[in-house]
Structures are given as structure tokens and as C-alpha cells.
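# Observations on chain architecture
The chain contents come next:
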Amino acid sequence: MTEGLRVVQARGFEGASVRDIVRAAGVPQGSFTNHFASKEAFCLEVLDLYFEGVRAMIGRTLRNDSLPPLTRLRAFVDAQLKYLNRIGWRNGCLIGNFSAEASEHSEIIRTRIVEIFEEMRQSVAYCLRAAVKSGKLPRKTECDEVGGFVVASLQGAILQSKAERSSVPLERFKHLIFSTLLR
């Protein structure tokens, strides 16, 4: 599964063939068709595998109540930067990539992506509510709306960073969020 994730992340939903996936995994093509009903079913599992890692990172950052709330949010953004820097800015975020590519071709994947974005939005909003409660953000802060904005803007910055193969768009996002919106 991990090798398949690498292939799909590098080549995209449409660009990764079943042949490429089984070759990377070192298994016969029949093994793929015995285990997965379709490439779509495989990609759905790959998306969930990828999101397990994201969810763990969210647990260490946004939902880590032992850290101050805005420190958690900054750690969440910094984790994105660190991950993308490690992989060389080429692959971006699989969730965002699937959103741009696969959601047009697969209703099941589109629905799963919406659920994932909602879970991410809720996690950012959870962190923002803690910041409001601690007095670090004004009481009038619309945490759910700001959470949605943060997730959408972060995904856009990641896509632009992928295209430019540069941290500049993501660094710009980070600077604006913390110096303007959440100061």
C-alpha cells in the first residue's frame, strides 16, 4: 500500500496506472484485482492511508491541549512546511491533489475529500476556540468560518508551492495568518 501511495502521489490519480502501482509494489497484477474492486477503490484506501498521517499530525498540533492554542496552529503550518520541504515540493498534499484531479472523476473520492476537509476545518476551529477561551483571540472570532478559511487558504498555498517548487507561497500564507488575521 505504501508503494502504491508513492506512485499515486508522484503521478496523480489519472497518471498512476494499475501496472505502475503493482510494479512499484513488486506484486503481480492479479493481486491488485483480487484485493481491489477498481483503481478508484485503491485510491480511496490510499487517500485514507495518507490522511492517517495527517490526522496524527493534527493530534500532535491542533488538538494537543498541552500547547498554547496559537502555538498549536503555528506548529500545524510548520509541519506542512517541513513535510513539503522534505519531499522537495514536487508532490504537494495528496488531499489537495485529489481534490483538484480525482473529485471530477469519482463521486466516492469527492465525498471522502469533503469529509476530510471538514475534519481539518473542525480541528482548526477547535484550536481557535481554545485561543478565544484563553483570551488570545477576540470573543467575536468566528472560529468555524476562520477555520474553513485557514484550511482552504493553506491548501491553495500548498498547491501554489507545488507549482513553484518553492516554500514562498506557504511562507507568505504563514506570515499573513499570524501577522494579520490572528495577531
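Residues numbered from 1 in each chain as written. Predicted model: local features only at pLDDT ≥ 70, side-chain atom pairs only at ≥ 80, totals over all residues. Heavy atoms only, no water.

### A look at the pattern of salt bridges
The tally for this structure, following the rule as stated, stands at 12 salt bridges. Here D78 and K174 are joined by a salt bridge, their closest N and O atoms 2.5 Å apart. Taken together, the positions of D78 in helix α5 (residues 69-86) and K174 in helix α9 (residues 168-181) put the pair 96 residues apart, joining distant regions of the chain. The exposure class assigned to D78 is partly exposed, which follows from its relative accessible area of 30%. For R121, the salt bridge is made with D144, and the minimal N-O distance between the two is 3.0 Å. One end of the pair, R121, is in helix α7 (residues 107-133); the other, D144, is in helix α8 (residues 143-164), with 23 residues separating them in the sequence. A network of salt bridges, in which partner residues are shared, links E118, R121, R129 and D144. (Salt bridge = Lys/Arg side-chain N within 4 Å of Asp/Glu carboxyl O. Helix = DSSP H or I, 4+ residues; strand = E, 2+ residues; numbered from the N terminus. Buried < 20%, exposed > 50% of the residue type's maximum accessible area, 1.4 Å probe, protein only.)

### Considering the packing of helix α4 (residues 39-60) against α5
Contact pair α4 / α5: the axes reach a minimum separation of 10 Å and the direction vectors enclose 140 degrees. Classified by the angle their axes make, α4 and α5 are oblique. From α4, Y50, M57 and I58 reach across to α5, where they touch F76, A79, Q80 and Y83. The residue inventory of the contact of α4 with α5, partitioned by class, reads 6 nonpolar, 1 polar and no charged. (Axes fitted to C-alpha atoms, helices over the stretch in contact; angles between N-to-C directions. Parallel < 35°, antiparallel > 145°, perpendicular 65-115°, else oblique. Contact = heavy atoms within 4.5 Å. Nonpolar A, V, L, I, M, F, W, Y, C, P; charged D, E, K, R; others polar.)

### Observations regarding unusual backbone geometry
At R165, a position not held by glycine, the phi torsion is positive, near 50 degrees. Relative to the helices and strands, R165 is located in the loop between α8 and α9. On the basis of relative accessibility, which here comes to 48%, the residue R165 falls in the partly exposed class.

### Structural notes on the side chain of Q80
Position of Q80 relative to the elements: it lies in helix α5. For Q80, the residues in contact, after removing those within four places along its chain, are M57, L154, I158 and L170.

### A few points about the nonpolar core
Here is a general trend for soluble globular proteins: nonpolar side chains tend to be buried in one another's company. By size, the foremost hydrophobic cluster in this structure holds 55 residues, and its most contacted members are V8, L73, F76, I95, F98 and L170. If you list the elements that add at least two residues to this core, you get α1 (2-15), α2 (18-25), α4, α5, α6 (94-101), α7, α8 and α9. For this core, the leading source of residues is α7, giving 10 residues. (Core = buried A, V, L, I, M, F, W, Y, C linked by side-chain atoms within 4.5 Å.)

### Focus on α9
Helix length check: α9 (14 residues) gives 19 Å between terminal C-alpha atoms against 20 Å at 1.5 Å per residue, within 8%. Within α9, the full set of buried residues consists of P169, L170, F173, K174, I177 and F178. The buried residues of α9 all sit within an arc of 155 degrees when viewed along its axis, so they share a single face. Those residues of α9 that are buried are in contact with α5 and α8. (Expected span 1.5 Å × (residues − 1). Arc of directions from axis to C-beta.)

Read these as geometric descriptors, not functional statements.
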